[in-house]
Amino acid sequence: MIVLGIETTCDETAAAIVERDHSGHGRILSDIVLSQTDEHAAFGGVVPEIAARAHVEVLDLLISQAMAEAQCDFASLDGIAAAAGPGLIGGVIVGLTTAKAIALVHCTPLIAVNHLEAHALTARLTDGVDFPYCLFLASGGHTQLLAVRGVGDYVLLGNTMDDAIGEAFDKTAKLLGLGYPGGPEVERLALRGNAHRFALPRPMQYRREPDFSLSGLKTALRLEAERIAPLSEQDIADLCASFQQAIVDTIHDRLRAGLRVFAERHGVPNALVAAGGVAANQSIRQILKRLADDARIPLIVPPPDLCTDNGAMIAWAGAERLAAGLTDTLDVAPRARWPLEEVTHAASRD
């Protein structure tokens, strides 16, 4: 089957065409992504109204480009998939409404995809991993540890109690006067810094339940920065390095607890899968590899361009749901909040 995927939940506008064969293997025929980083850089973060308007201006063109690159027309599509949430509601409305219009005009099945489910299933597109597996989802808006047991079958093992990891990186960058997006800037400067100079906390360390909390770490960094102000370039590099090391240590502790909980409740996972933009951080990748090696399971991290928001992951999730007989009606609503545990799967669909 061939599916068009549309992604507009935040500050990337994306459209892609993905093919899924009868054996369940996937192939990306096209994947067009347009980032809005420049539009939001002056504000130090994403402005929802600007994001929604930018999606409106370019989405039709991106869909046309994706179709042309894949050398297919609307008549050859088996499904139209769009991210229906969670996300910035204005952008979600743009993408979902566009998908509904295409589905209506061409009498093609519509699949309303949960954005988090798309991240959760990307490893099946890139590596063909079998269920069940343990997913570490870390981005600017989400930090979760999940048992992925099947399409639409997700069990939350751990969650952040406050900030997401990507959000903590961005806020740290803003506090230190760095550019946007902040994660890559903090990682770059951390390479030149002393990770042991500042004694920052490792929140939730040694607790049995694999939850996260990062607001205290962010506050501790702010207090250290205020204590030694004005900051030199080396001070900033040392703060970045100390912060990143605290994050790495926290991930190691929390995922070790999470893998233990997974094994107790669901058996040994087939893999540890990382998804979301935070997975592009090389220090975090190294600790994830160590965790997987210790658990004697493979680590699967999709390529960087498929870890961040993209249309291919939406199209693939749509294809997986379509193969399971899961489609949506044209009155499906966009959702700003949509916990992954609420996603419908074949066993519970009426």
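The structure this text deals with has already been given above.
Quick summary incoming for the structure in this document. (Residues numbered from 1 in each chain as written. Predicted model: local features only at pLDDT ≥ 70, side-chain atom pairs only at ≥ 80, totals over all residues. Heavy atoms only, no water.)

So, about the sheet that holds strand β8 (residues 153-159). Overall, mixed pairing links the 5 strands, which are arranged β8-β7-β6-β9-β10 in an open sheet. One side of each edge strand has no neighbouring strand; the edge strands of this open sheet are β8 and β10 (299-300). Pairing of strand β9 (residues 272-275) with β10, which is carried by 2 bridges, proceeds in the parallel orientation. When the sheet's bridge partners are listed, Leu-272 is paired in β10 with Leu-299. (Pairing = 2+ DSSP bridges. Helix = DSSP H or I, 4+ residues; strand = E, 2+ residues; numbered from the N terminus.)

This part is about the pattern of salt bridges. Inspection of every chain in the model, using the stated rule, returns 20 salt bridges. Put simply, Asp-253 and Arg-254 hold a salt bridge, and the shortest N to O gap is 3.0 Å. For the pair formed by Asp-253 and Arg-254, the shared burial category is buried. Linking Asp-253 and Arg-256 is a salt bridge whose minimum nitrogen-to-oxygen distance equals 3.8 Å. Here Asp-253 and its partner Arg-256 are both found in helix α8 (residues 233-266), 3 residues apart, which amounts to about one turn of the helix. (Salt bridge = Lys/Arg side-chain N within 4 Å of Asp/Glu carboxyl O. Buried < 20%, exposed > 50% of the residue type's maximum accessible area, 1.4 Å probe, protein only.)

Relative placement of two packed helices is described by the angle separating their axes and the distance separating the axes. Running from amino to carboxyl end, helix α7 (residues 215-228) crosses α8 at an angle of 160°, the nearest separation of the two axes being 11 Å. The orientation of α7 with respect to α8, classified from their angle, is roughly antiparallel. When the axes of α7 and α8 are compared, the crossing they make is right-handed. From α7, Leu-217, Leu-221, Glu-224, Ala-225 and Ile-228 reach across to α8, where they touch Asp-235, Leu-239, Phe-243, Ala-246 and Ile-247. Residues belonging to the contact of α7 with α8 are distributed by class as follows: 8 nonpolar, no polar and 2 charged. (Axes fitted to C-alpha atoms, helices over the stretch in contact; angles between N-to-C directions. Parallel < 35°, antiparallel > 145°, perpendicular 65-115°, else oblique. Left-handed = near helix turned anticlockwise from the far one by under 90°. Contact = heavy atoms within 4.5 Å. Nonpolar A, V, L, I, M, F, W, Y, C, P; charged D, E, K, R; others polar.)

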